[in-house]
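Tertiary structure, described
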Amino acid sequence: SHPAVRIYYSPEVMAWLQRGRKGSIADGAIIVKEMFTPPAALYRALANDPKYRDPQAYDQLIANLVSSWTIMVKNSKASSDGWFWGSVSLPKRDQSIEEAIAEQVDTRANRDPSGAQLRYSGFAMPCLRCHASADNELTFSDLANIKGHPNDPLIFYVDNSWRTAQHFSPNPLPNPYPLNQLKDDAYVKSLFQLPKEQLPWATQQAQMISKDQRVKKPVINSDHLLTDNLLATASTAKTETNPVNKAFLKIFPEISPVNKKEVAVFPPQWLDHVVMPAEHPTEFVTSDNCIGCHGGLGGAPSGLSMFLKTGPNYGDGFNVSEYGEWRWSPMGLAGRDPIFHSQLESEMAILANNEKNHPNELKGKLKPTQQAVTNTCLSCHGAMGQRQLAADAKKDKTLDANFDVEYFYLAEALTEKEKQQQKKAGTHRYNKYGQLAREGISCMICHRIDAPDKQAVKEWQPIQPGWINDDTPKELAYALFHNSTGQFNPGPVGEVLGPLHVLEKPMEHALNVTPVLNKFTSDSQMCGTCHTINLPNIGMTKDKFPVLTAAGQNTPFSQYSHTIEQATFLEWQNSAFAEIDNKGKPGPDFQSCQDCHMPGGFESRPTKPGEKKIKIEQLVTQIATIQDTAYADAENTLPNKEIDVPLRNGYKRHTHVGLNVFLLEMFNQFDDILGVEKNDYMTSANNGNTLALDNMILQAQHNTLDVDVEIQSLKDKVLTSKVTLTNKTGHRLPSGVAFRRVFIEFVVLDGDKPVWKSGATDSVGVILGADNTPLKTEFLPNKDSYQHHHEVIDSENQVQIYEELNLNAQNEFTTSFIHRVDNVKDNRLLPKGWRQANFFKDQGEVIFQFMQATDPEGDAWKDKDYQNPDNSLNFAGQDSLIYRATLPAGTNTANLSVKATVYNQSIPPYWLKQRFELAPQGKATKRLYYLASHLSLKGTPMEDWKLKLVSETKRLK
């Protein structure tokens, strides 16, 4: 499990070993593991040579072969595991000492250099992946392996397959100790290579690859030696790479071009490090406590787990581990999401402007609302930080329970000087909350959500008679009323909940928490926690939904009427995908949220010539990688039954993706600003972001929508066509926040030449009209200027856009989440099996009023495609519309075709413009402006600021 090693023990460890490993190791104890170029057989052979029997001569020789050191320092009060773990390596091949230091040391901007710390060193580190399998004190140390003590040390089988020129070319020994220093000794040289015929056949076969391939892709046999190649995240933003998009600047002149030096940079992800305390388990720790066991393994010598291997080197392939895919999902990025941070900044600006414009009525009144909005939004986007601060503030009245967005930029003080500066600024006590918040919706959120308490459900008495009745699914009604908008019933502190029976001891040793079987983790209702958002409507004078308002009474928004701002879970609940009969049997179309967004199979998206496609129906893998029964033997491990990790044939990937490709591409191109490391710590794979993008694109193009085009007639130069869209998702399309949109580009072609088009865009994703200029409806200038829901389109200035549009109290279109007063349009495609909310009237007002959020709004109600009078589960979830294109003179009707392409925009132009208008000087808004104005999309599936979903072309017969 390691390269060749020599280990040193401090007296405290020796005293513990001589007590028979009884009791505790004293604080201050140190274990040093000195690692050498593998394998150990080489050193045994050297030690047996008379020339090197003298210890001094032997040490002098092998000093040239040291590669790195790892350390353990005991501090039982610092974390639940009680050890500081660290590592430091010599420079790699062709690497200077300065480069090695920069790679291994964190040197953030504006830091005292004396405060630099070792990268990937600290308390509760991934080393626990193996060390948690020890029976005591997280170490396998044994007197039998120590010089001068009786018994024989462990010696492992060596098959000599490593003794090849290929293994040592290119030279794996680290500078400044190149291999040629040893080549003068023929005996030493002979140890490195054996004649081909003396090697195992598989090794001989491996040598038959070409010399060029051998040099470019060496087979690496030690992840500790050569694959720890993670580069330090830049302490300041990298120099300019992408040129500014001049078309973007022209469309969005609200903000002057932003210089990169002005951009607010998030701390690197490796500074999101909150450990389990020594005294007792706490509610939340950061995901780097989980990465060791749930981060995958990328090949020899560590093994292969939760990883699809596509090449010879460690890390060649796809990391499909729980951590690896969550890290790049919108859930894992939620705390650093620049789109969200700009939206939140706009909400604050609107509230501040309202108070400024109405000083007599509102002076000082909206400040609590600003704090409440921040706390509410961060209950999902900064879930752990916001919750931990609220919980701690209840116990410690000197803490301010209101989360400040500036906490997102806080990190641990590494010097006494910096600590005093933070204390003077009043931020020192809030560091850990920023670290927790930057993790977004992290492991310890989802795996601590429990079902609503059965006794509480049973005793629940709604405020008004009729809000529930005998036909009400009471548990669902209770969950909607109490456990939406980021509020949930947490499991006990010290337990991590999951859908499988798993081994307990390793996690208890590593984190002092116990994994517990809980089927609710597989229930879609768990997802409804954050995907049913019930928010206040500031400015609404009539309370349309008293149930929703009452559900918000336990929040600081009790003075406002409420409506559902996001209804993805409700949309699923009101679809054929959620259908379960009276006997608990799933219907023919049943698919849970997890079935779609946590798939068990894998499909790659080849983008290069000759690249092979991988398609696996169901992955079979371990769900955790520990030092288990498959490892080489070691003393003092837990019993085999406690560390025997089985293969699972029902593995669920943690992809958690929708269609927000623009967010992923921002993290891909601006990782230095947003702070997420592209190189994965456990597997060394550097394609996590690309894999997440591929997952989104495959989902978008295969599992989201079908389009059908039919040319009906050509008469008097009018070409009539019918386009039908079928929603394949278990919710509306698009779903989630109101500003997402899907639209149709319909083009009539004379050969390859467009002669009539609806829905074409410019390079910034702005929809153009007949005169090839932006449609007036694109930026929603007034309440009457928008694209209505169309059943017939006969003008190039008409576009079918599937979207939700809202007005505020001043009858202006708003993208605010809390100033929605009137919903004038909601023609988003309905899912299969949708039923009008009246269907749920018999189940009481709670279910009925929540389900009203799934009904269409505006002109869509008049469209028969949006009606389901029989409330049948066979409702198709389709929309058909007619295009009547008047062809220009000179069109060759013998060569006509039509093409319908459907696009998705998760951040459309009008949403961006409102951000830039509302908070042009805001830190988050200026950052978003920089990212958006420099985002390079040419040649990507998001070219021209739109993601292609499906397309179909039909020729006129």
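Residues numbered from 1 in each chain as written. Predicted model: local features only at pLDDT ≥ 70, side-chain atom pairs only at ≥ 80, totals over all residues. Heavy atoms only, no water.

Helices and strands together make up the secondary structure of the chain, namely 32 helices and 31 strands. When contacts within the chain are restricted to residue pairs at least 6 apart in sequence, those whose partners lie at least 24 apart make up 74%. Accessible surface, the chain: about 41,600 Å² in total, of which carbon and sulfur atoms supply 51%. (Helix = DSSP H or I, 4+ residues; strand = E, 2+ residues; numbered from the N terminus. Contact = heavy atoms within 4.5 Å. Areas by Shrake-Rupley, 256 points an atom, 1.4 Å probe, with all protein chains shown as cover.)

Before going further, it helps to spend a moment on the environment of Ile468. Along the polypeptide, Ile468 turns up in the loop between α20 (454-459) and α21 (474-482). Separated by 374 residues in the primary sequence, Ile468 and Asp842 place their C-alpha atoms 9.0 Å from one another. Once you skip the residues sitting within four places of it in the chain, Ile468 turns out to touch Trp460, Pro462, Lys474, Ala477, Gln843, Gly844 and Val846.

The next thing to look at is the pattern of salt bridges. Applying the stated criterion across every chain yields a total of 36 salt bridges. Among the ionic pairs, Glu603 bridges to Lys613, the shortest N-O distance being 2.7 Å. A residue pair is termed long-range when its members are at least 10 positions apart, and Glu603 in strand β18 (residues 602-603) and Lys613 in the loop between β18 and β19 (615-616) qualify at ten residues. Across the pair Asp784 and Lys783 runs a salt bridge whose closest N-O atoms are separated by 3.5 Å. (Salt bridge = Lys/Arg side-chain N within 4 Å of Asp/Glu carboxyl O.)

The subject of this paragraph is the nonpolar core. Judged by nonpolar contacts, the single largest core of 110 residues is most densely connected at Val723, Ile744, Val748 and Trp945. For this core, the element with the highest residue contribution is helix α27 (residues 661-669), accounting for six residues. Grouped together as the second largest cluster of nonpolar side chains are 29 residues, Phe284, Tyr314, Ala383 and Phe520 included. (Core = buried A, V, L, I, M, F, W, Y, C linked by side-chain atoms within 4.5 Å. Buried < 20%, exposed > 50% of the residue type's maximum accessible area, 1.4 Å probe, protein only.)

Its twelve residues place the ends of helix α32 (residues 923-934) 17 Å apart at the C-alpha level, agreeing with the 16 Å of an ideal helix rising 1.5 Å per residue. Taken as a whole, α32 has its buried residues at Ala924, Thr925, Arg927, Leu928, Tyr929, Tyr930, Leu931, Ala932, Ser933 and His934. Tucked inside the fold, the buried residues of α32 contact α10 (246-251), α13 (338-357), α27, α28 (671-674) and α31 (909-918). (Expected span 1.5 Å × (residues − 1).)

Helix α3 (residues 55-62) packs onto helix α2 (residues 40-47) with a crossing angle of 145° between their chain directions and a minimal axis gap of 11 Å. As for how α2 packs across α3, the hand of that crossing is right-handed. Here Tyr43, Leu46 and Ala47 of α2 come into contact with α3, specifically with Tyr58, Leu61 and Ile62. Looking at the contact of α2 with α3 residue by residue, the classes come out as six nonpolar, no polar and no charged. (Axes fitted to C-alpha atoms, helices over the stretch in contact; angles between N-to-C directions. Left-handed = near helix turned anticlockwise from the far one by under 90°. Nonpolar A, V, L, I, M, F, W, Y, C, P; charged D, E, K, R; others polar.)

Moving on: the state of the cysteines. Within the structure shown, the criterion is met by zero disulfides. Free cysteine: Cys293, not disulfide-bonded; nearest cysteine sulfur from Cys130 at 8.4 Å. (Disulfide = S-S within 2.5 Å.)

The next subject is the packing of aromatic side chains. If you walk through the whole model with that rule in mind, you get 33 aromatic pairs. Relative to Tyr929, the ring of Phe248 lies with its centre 5.6 Å away and its plane at 70°, an arrangement referred to as edge-to-face. Here Phe248 is found in helix α10, whereas its partner Tyr929 is found in helix α32, with 681 residues between them in sequence. On the accessibility criterion, Phe248 (0% relative accessible area) is buried. You can call Tyr929 buried: its relative accessible area is 1%. (Phe/Tyr/Trp six-rings, centres within 6.5 Å; stacked < 30°, edge-to-face > 60°.)

Between two packed helices, the angle of one axis relative to the other and the distance separating the axes together describe the packing. One can describe the packing of α27 onto helix α29 (residues 688-702) by two numbers: an axis separation of 10 Å at closest approach and a directional angle of 165°. When the interaxial angle is binned, α27 and α29 end up roughly antiparallel. Like other packed secondary-structure pairs, α27 and α29 cross with a definite hand, here left-handed. Residues Val661, Leu664, Glu665, Phe667 and Asn668 of α27 lie in contact with α29, whose contacting residues are Asn689, Ala692, Leu693, Met696 and Ile697. For the contact of α27 with α29, the class distribution of residues is seven nonpolar, two polar and one charged. (Parallel < 35°, antiparallel > 145°, perpendicular 65-115°, else oblique.)

Here we take up α21. Listed in full, the buried residues belonging to α21 are Leu476, Ala477, Tyr478, Ala479, Leu480 and Phe481. Looking at the buried positions of α21, the neighbouring elements they touch are α20, α23 (524-531), α24 (546-551), α25 (568-573) and α30 (845-851).

Our next topic: the sheet that holds strand β24 (residues 792-793). Here four strands make up an open sheet; going across it, the order is β20-β21-β29-β24 and the pairing mixed. In this open sheet, the two strands that pair with only one neighbour each are β20 (705-715) and β24. Looking at chain direction, β20 and strand β21 (residues 718-727) are connected through ten bridges and run antiparallel. The partner of Ser713 across the bridge, within β21, is Thr720. (Pairing = 2+ DSSP bridges.)

What follows deals with the sheet that holds strand β26 (residues 804-807). One open sheet holds the three strands; their spatial order is β27-β26-β28, and the pairing between them is antiparallel. Only two strands of the sheet have a single partner each, and these edge strands are β27 (813-814) and β28 (822-826). With four bridges connecting them, β26 and β28 associate as antiparallel partners. The residue bridging Asn806 from the neighbouring strand is Asn823, located in β28.

This brings us to the environment of Pro499. For Pro499, the position within the fold is in the loop between β14 (495-498) and α22 (505-511). C-alpha of Pro499 to C-alpha of Pro515: the two residues are 16 residues apart in sequence and 10.0 Å apart in space. Look past the residues within four positions of Pro499 in its chain and what remains in contact with it is Leu517, Asn518, Lys519, Thr521 and Ser522.

Looking now at the confidence of the model for the chain. In the predicted model, the chain carries a mean pLDDT of 88, and 88% of its residues have values of at least 70. Scored below 50 in pLDDT, residues 108-112 shows 14 contacts in the model against residues more than four places distant or in partner chains. (pLDDT = per-residue confidence, 0-100.)

Quick look at the pairing of strand β2 (residues 30-36) now. With five of seven residues buried, β2 lies mostly within the body of the structure. Pairing geometry for strand β1 (residues 4-9) and β2, over six bridges, is antiparallel. Bridge pairing in β2 places Ile7 opposite Lys33.

Bringing unusual backbone geometry into the picture now. The linkage connecting Leu733 with the following residue, Pro734, adopts the cis geometry, with an omega of -5°. One non-glycine residue with positive phi stands out, namely Asn636, at about 60°. With respect to the element layout, Asn636 can be found in the loop between β19 and α27.

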